[in-house]
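The residues making up each chain are set out below.
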Amino acid sequence: MPERETLVILVRHGTTAWNRCSRYQGRLDIPINEEGLVQSRALSRVLSRISLAAVYTSPLSRASDCARIVAAAHGLKPIYLPGIIEICHGDWEGMLLSEVEDKYTDLLTRWRTLPYTVRMPRGESLVEVEERAWAALEKMIHDHPGGTVAAVTHDTPIRTILRRVLGLDQSHFWRIRLDNTGINILGWRDDIFRVIVLNDTCHLGGWMQAGEQKAL
């Protein structure tokens, strides 16, 4: 009999006020708002139907507050995993998208078309994010073989993981939509990953109700 498949549930944190106004967050510790709390509770209800061996979280509160709600339903406490923290946006952090468009026009264009070639001023590159996020993914799989774990993280780490699992060209980084508290599930068995679920928002009423969320 083949070894039982290991499942990793990757979830983007709940909505923040800065998501709604298109302001770059990065490593700034912006909390989830009331909408984000409602989303987190809905996420917790749907994930309470399965058995979780562990709940991991980014150190930032917009992820860890969501993770605590999920973990509580399983009698667990979230485990902080620095590798899944959001990308450092450097000098863009705290700026509105419109301000970045005015001040960093050429760099923003490259970020939208060739994102893996960009390092934001005093920020982090996607290559660096992918390396640490992938290492964190491997740790979760190594520590819970045959189990199911959840990780509450951010848009950028999830995108880098999904891009790599799906074998997408680096220029296709933005071709995956990730809503706040959207559920993504990866399966691991026989040294092979497969994508089982991608951006499931049924707990929010489906993709139309989930709404457009900015990747900031």
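Residues numbered from 1 in each chain as written. Predicted model: local features only at pLDDT ≥ 70, side-chain atom pairs only at ≥ 80, totals over all residues. Heavy atoms only, no water.

Peer 1: Describe the pairing of strand E4 (residues 148-153), naming the residues involved and giving the relevant values.
Peer 2: Among the six residues that make up E4, six are buried, leaving the element largely enclosed by the rest of the structure. Residues Thr148, Ala150 and Val152 of E4 are buried on one face, and the alternating residues Val149, Ala151 and Thr153, pointing to the opposite face, are buried as well. The pairing of strand E2 (residues 54-57) with E4 spans four bridges and is classified as parallel. Bridge assignment links Thr57 to a residue of E4, and that residue is Val152. (Buried < 20%, exposed > 50% of the residue type's maximum accessible area, 1.4 Å probe, protein only. Helix = DSSP H or I, 4+ residues; strand = E, 2+ residues; numbered from the N terminus. Pairing = 2+ DSSP bridges.)

Peer 1: Pulling in residues and values, what's your account of the packing of helix H2 (residues 34-47) against helix H3 (residues 61-72)?
Peer 2: Close contact between H2 and H3 brings their axes to 8 Å; oriented N to C, the two are set at 30°. Handedness of the H2/H3 crossing: right-handed. Mapping the contact onto sequence places Leu37, Ser40, Arg41, Leu43, Ser44 and Leu47 in H2 and Cys66, Ile69 and Val70 in H3. Broken down by class, the residue content of the contact of H2 with H3 amounts to six nonpolar, two polar and one charged. (Axes fitted to C-alpha atoms, helices over the stretch in contact; angles between N-to-C directions. Left-handed = near helix turned anticlockwise from the far one by under 90°. Contact = heavy atoms within 4.5 Å. Nonpolar A, V, L, I, M, F, W, Y, C, P; charged D, E, K, R; others polar.)

Peer 1: Can you break down the side chain of Thr15 residue by residue, with the values?
Peer 2: Relative to the elements of secondary structure, Thr15 occurs in the loop between strand E1 (6-12) and helix H1 (17-20). The buried category is assigned to Thr15, whose relative accessible area is 0%. Only 3.2 Å separates the side chain of Thr15 from the side chain of Asn180, close enough to count as a polar contact. (Polar contact = N/O pair within 3.5 Å; in protein donor to acceptor, adjacent residues only side chain to side chain.)

Peer 1: Lay out the nonpolar core in plain terms, naming residues and giving numbers.
Peer 2: Within the largest apolar cluster, 22 residues are counted, with the highest numbers of intra-cluster contacts made by Leu137, Met140, Ile161 and Leu186. Of all the elements in the fold, those that place two or more residues in this core are E1, E2, helix H6 (126-143), E4 and helix H7 (155-166). Looking at which element gives the most residues to this core, the answer is H6, with six residues. Here Leu186 is in contact with Thr6, Leu7, Val8, Leu10, Leu137, Ile161, Leu162, Val165, Phe193, Arg194, Val195 and Ile196, once residues within four sequence places are set aside. Within the second largest apolar cluster, 16 residues are counted, among which are Leu97, Leu107, Trp111 and Tyr116. (Core = buried A, V, L, I, M, F, W, Y, C linked by side-chain atoms within 4.5 Å.)

Peer 1: I'd love a proper account of the layout of surface pockets, names of residues and values included.
Peer 2: Empty space within the second largest pocket amounts to approximately 180 Å³. As for the second largest pocket, its lining consists of Leu7, Ile9, Val46, Leu47, Ile50, Ser51, Thr148, Ile183, Ile185, Asp200, Cys202 and His203. Of all the secondary structure elements, the ones that give two or more residues to the lining of the second largest pocket are E1, H2 and strand E5 (183-189). A class-by-class count of the residues in the lining of the second largest pocket yields eight nonpolar, three polar and one charged. (1 Å grid on protein atoms, 1.4 Å probe; cavity = no way out; pocket = protein on both sides within 12 Å on 5 of 7 lines; lining within 4 Å. Points joined across faces, edges and corners; volume = space filled by probe spheres on them.)

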